[in-house]
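# Observations on the model geometry
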Amino acid sequence: MQQTVITKKRLVKRQFLNLFSNPTQLLVLSFAVMILAGSLLLSLPIATKSGESTAYLDALFTATSATCVTGLQLFDSYTHWTLFGQVVILVLIQLGGLGLVTLTSFFHIAIGKKMGFKNMLLAAESVGNSNLGDLHVLLNSVIRVTFLAELTGTALLSTVFVPMFGPEGVYISLFLAISSFCNAGFDVLGRIAPFTSLTTFNGNFIVMFTVMTLIILGGLGFVVWRDLLGYPKTHKLMLHTRVVLLMTAILLVAGAGGFLYAEWHNPATLGSMPMGERLTAALFQSVTCRTAGFNSINLAEMTPGGTMLAIFLMFIGAAPGSTGGGIKVTTLAVLLMTVICVSRGREDTVIFHRRVQKNVVYKSLAILMMSMFAVVVVAVFVMSTISPSYGYSDLDCAFETVSAFSTTGLSVGVCQVPQDSTKVLFSLLMFLGRVGPVSFALSMTAAKNSKKEILPEGKIMVG
């Protein structure tokens with residue numbers, strides 16, 4: 001009997017350890033730990049300008065939004081939070097954008113300490129890299145490109161904000177540069193007007209194009225950076241890189257054209273702007289809807305067509321292994337090419353004369369279905385509880401829900417409704433969107449992959 005009890009204890013202990021033995025599970029755990037730590041700090045009285053503690057659920061929502069680089073905000077970052085609170089948010093954005101594992105792995109290498117195989121797997125998972133051989137090079141590239149981009153962005157933005165705000169403009173520029181590169185959408189421009197974002201800067205090309213460039217760089221993904229940096233030597237690009245660059249270009253151009261068409265005659269958005277500002281604002285909306293969260297127009301006043309376009313762009317998002325969210329541009333590319341290839345009678349998905357592995361196609365389908373299911377379930381709940389009570393339309397609720405899942409952070413005000421259940425759902429949705437629906441599902445089980453079973457074939461009719 002005693003032997004049986006000991007055996008059961010060992011089994012439970014082994015299962016508990018297995019829960020944190022998988023790189024995917026540890027990544028999900030690292031984000032959860034950052035969120036909990038950030039929420040505790042933001043709930044302290046020292047974090048608010050009023051000197052009063054922020055309700056824990058509100059602090060948790062803000063910490064989740066910052067760590068998951070979303071940008072949905074219950075409070076204006078400048079008027080509500082002290083410098084301490086703002087720095088906590090900024091640190092969460094930086095850690096959440098790069099990933100805690102990426103930063104710790106880099107410093108692990110920097111001090112000359114060897115990484116174990118499990119740590120290497122974990123670091124590779126965090127940057128979306130499957131090749132362990134060049135992991136050290138990739139981690140170095142990630143950190144260097146990140147800090148170079150953010151510092152360059154800070155310098156460019158300082159040429160605008162230092163003349164406007166004096167020495168404090170450097171801090172404003174640094175905050176905005178980090179938030180832009182990490183696709184977070186937070187800013188401290190509430191000193192102009194609460195929740196103003198970049199609506200007063202459509203005519204300032206330095207601010208607009210600096211922020212857009214940082215958003216695009218952050219959204220390309222770490223593997224793409226490494227590939228582009230090595231192009232002068234290799235003179236070739238991976239299939240992944242070519243797909244990311246092509247889809248990014250198509251979505252940016254098509255998005256800008258779509259916003260111009262939908263909002264051209266809308267005086268509340270683009271219609272009242274001079275031609276140059278109108279073109280810049282349309283391009284900026286196309287860029288920021290790729291999970292950045294800044295806005296330069298009044299989103300609540302967009303036409304239904306413009307809102308639907310924004311929802312589509314937000315749902316697609318950026319590239320894998322980037323600071324952005326969404327189902328990812330490569331997922332869309334694989335699914336589109338699968339449809340095209342099947343309609344042409346091909347059994348394999350082919351992109352740029354390369355056959356895509358079946359497991360990639362299956363994963364893309366799983367990501368799409370799980371993402372749509374999560375968004376629809378939450379959207380229906382939000383519509384049923386908020387639309388009748390607070391006057392927001394169903395389209396507004398769908399917009400806010402997709403914005404949370406895609407970690408975009410664009411808002412029409414739905415998330416600020418004083419309803420705890422909605423805040424909890426949006427927090428869970430932001431977390432799910434940042435770690436990825438498939439990764440989140442995998443993290444929920446500690447079971448190891450079982451041996452392949454050879455099962456009898458079954459037939460089923462579709463179409």
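Every value quoted in this text rests on a predicted model; they were computed, and no experiment measured them.

Over the atoms rolls a probe the size of a water molecule, and its path tells where empty space is left. Here the second largest pocket is characterised by a volume of approximately 450 Å³. What lines the second largest pocket is a set of 23 residues, and nearest its centre among them are Phe195, Ser197, Asn295, Leu299 and Ser411. Tallied by class, the residues present in the lining of the second largest pocket amount to 8 nonpolar, 13 polar and 2 charged.

Take the packing of helix H10 (residues 205–220) against helix H14 (residues 275–288) next. Where H10 meets H14, the closest approach of the two axes is 10 Å, and the angle between their N-to-C directions is 20 degrees. With respect to H14, the element H10 is oriented roughly parallel. Considering how the two elements wind past one another, H10 and H14 form a crossing that is left-handed. Where H10 approaches H14, its residues Phe205, Met208, Phe209, Val211, Met212, Ile215 and Ile216 are matched on the opposing element by Gly276, Thr280, Leu283, Phe284 and Val287.

Tracing the sequence through the fold places His240 in helix H13 (residues 239–263). Expressed as a C-alpha distance, the spacing of His240 and Val224, which sit 16 residues apart in the sequence, is 7.7 Å. Sequence-distant contacts of His240, that is, excluding residues within four places in its chain, are made with Val223, Val224, Pro320 and Thr330.

Turning to the packing of aromatic side chains, a few remarks are in order. Overall, the coordinates contain 7 aromatic pairs when judged by the stated rule. Ring geometry for Tyr171 versus Phe175: centroids 6.1 Å apart, planes at 75 degrees, classification edge-to-face. One end of the pair, Tyr171, and the other, Phe175, are both in helix H9 (residues 168–181), 4 residues apart, so they sit about a helical turn from each other. Where Phe181 meets Trp225, the ring centres are 5.5 Å apart and the plane angle is 40 degrees; that geometry is what we call tilted. One end of the pair, Phe181, is in helix H9; the other, Trp225, is in helix H11 (residues 222–229), with 44 residues separating them in the sequence. Both residues of the pair, Phe181 and Trp225, belong to the buried class. An aromatic cluster of three or more residues is present, and its members are Phe161, Phe165 and Phe201. When the ring centre of Trp264 is taken as origin, the NZ or CZ atom of Arg278, which lies over that ring, is 4.3 Å away.

Counted by the stated rule, this structure contains 1 cavity of 30 Å³ or more. Forming the boundary of the largest cavity are Asn183, Ile215, Ile216, Gly219, Leu220, Thr248, Leu252, Val287, Arg290 and Ala318. Of all the secondary structure elements, the ones that give two or more residues to the lining of the largest cavity are H10 and H13. Top element by residues in the lining of the largest cavity is H10. It accounts for 4 residues. Residues that form the lining of the largest cavity fall into these classes: 6 nonpolar, 3 polar and 1 charged.

Taken over all residues, the pLDDT of the protein chain has a mean of 84, while the share at 70 or more is 82%. Here residues 104–113 scores under 50 on pLDDT; set against residues more than four positions off or in separate chains, the count is 12 contacts. Below a pLDDT of 50 lies the segment residues 115–130, which in the model reaches 43 contacts outside its immediate sequence neighbourhood of four places, other chains included.

So, about the side chain of Gln86. Looking at the element boundaries, Gln86 is found in helix H5 (residues 83–98). At 3.0 Å, the side chain of Gln86 forms a polar contact with the backbone oxygen of Trp81. A distance of 2.6 Å separates a polar atom in the side chain of Gln86 from a polar atom in the side chain of Tyr171. What Gln86 contacts, discounting residues up to four positions off in sequence, is Ser77, Tyr78, Trp81, Tyr171, Phe175 and Val188.

Before going further, it helps to spend a moment on the nonpolar core. By size, the foremost hydrophobic cluster in this structure holds 110 residues, and its most contacted members are Ile93, Leu198, Val211 and Phe399. Each residue touching Leu198, except ones within four places of it in the same chain, is listed here: Leu176, Leu189, Val207, Met208, Val211, Phe284, Phe294, Asn295 and Ser296.

The next thing to look at is the environment of Tyr231. In this fold, Tyr231 is placed in helix H12 (residues 231–234). Judged by its relative accessible area of 39%, Tyr231 falls in the partly exposed class. Those residues within four positions of Tyr231 in sequence are excluded, and the remaining contacts are Lys236 and Leu237.

Basis of the calculations
- Residues numbered from 1 in each chain as written.
- Predicted model: local features only at pLDDT ≥ 70, side-chain atom pairs only at ≥ 80, totals over all residues.
- Heavy atoms only, no water.
- 1 Å grid on protein atoms, 1.4 Å probe; cavity = no way out; pocket = protein on both sides within 12 Å on 5 of 7 lines; lining within 4 Å.
- Points joined across faces, edges and corners; volume = space filled by probe spheres on them.
- Nonpolar A, V, L, I, M, F, W, Y, C, P; charged D, E, K, R; others polar.
- Axes fitted to C-alpha atoms, helices over the stretch in contact; angles between N-to-C directions.
- Helix = DSSP H or I, 4+ residues; strand = E, 2+ residues; numbered from the N terminus.
- Parallel < 35°, antiparallel > 145°, perpendicular 65-115°, else oblique.
- Left-handed = near helix turned anticlockwise from the far one by under 90°.
- Contact = heavy atoms within 4.5 Å.
- Phe/Tyr/Trp six-rings, centres within 6.5 Å; stacked < 30°, edge-to-face > 60°.
- Buried < 20%, exposed > 50% of the residue type's maximum accessible area, 1.4 Å probe, protein only.
- Lys NZ or Arg CZ within 6 Å of the ring centre and 35° of its normal.
- pLDDT = per-residue confidence, 0-100.
- Polar contact = N/O pair within 3.5 Å; in protein donor to acceptor, adjacent residues only side chain to side chain.
- Core = buried A, V, L, I, M, F, W, Y, C linked by side-chain atoms within 4.5 Å.

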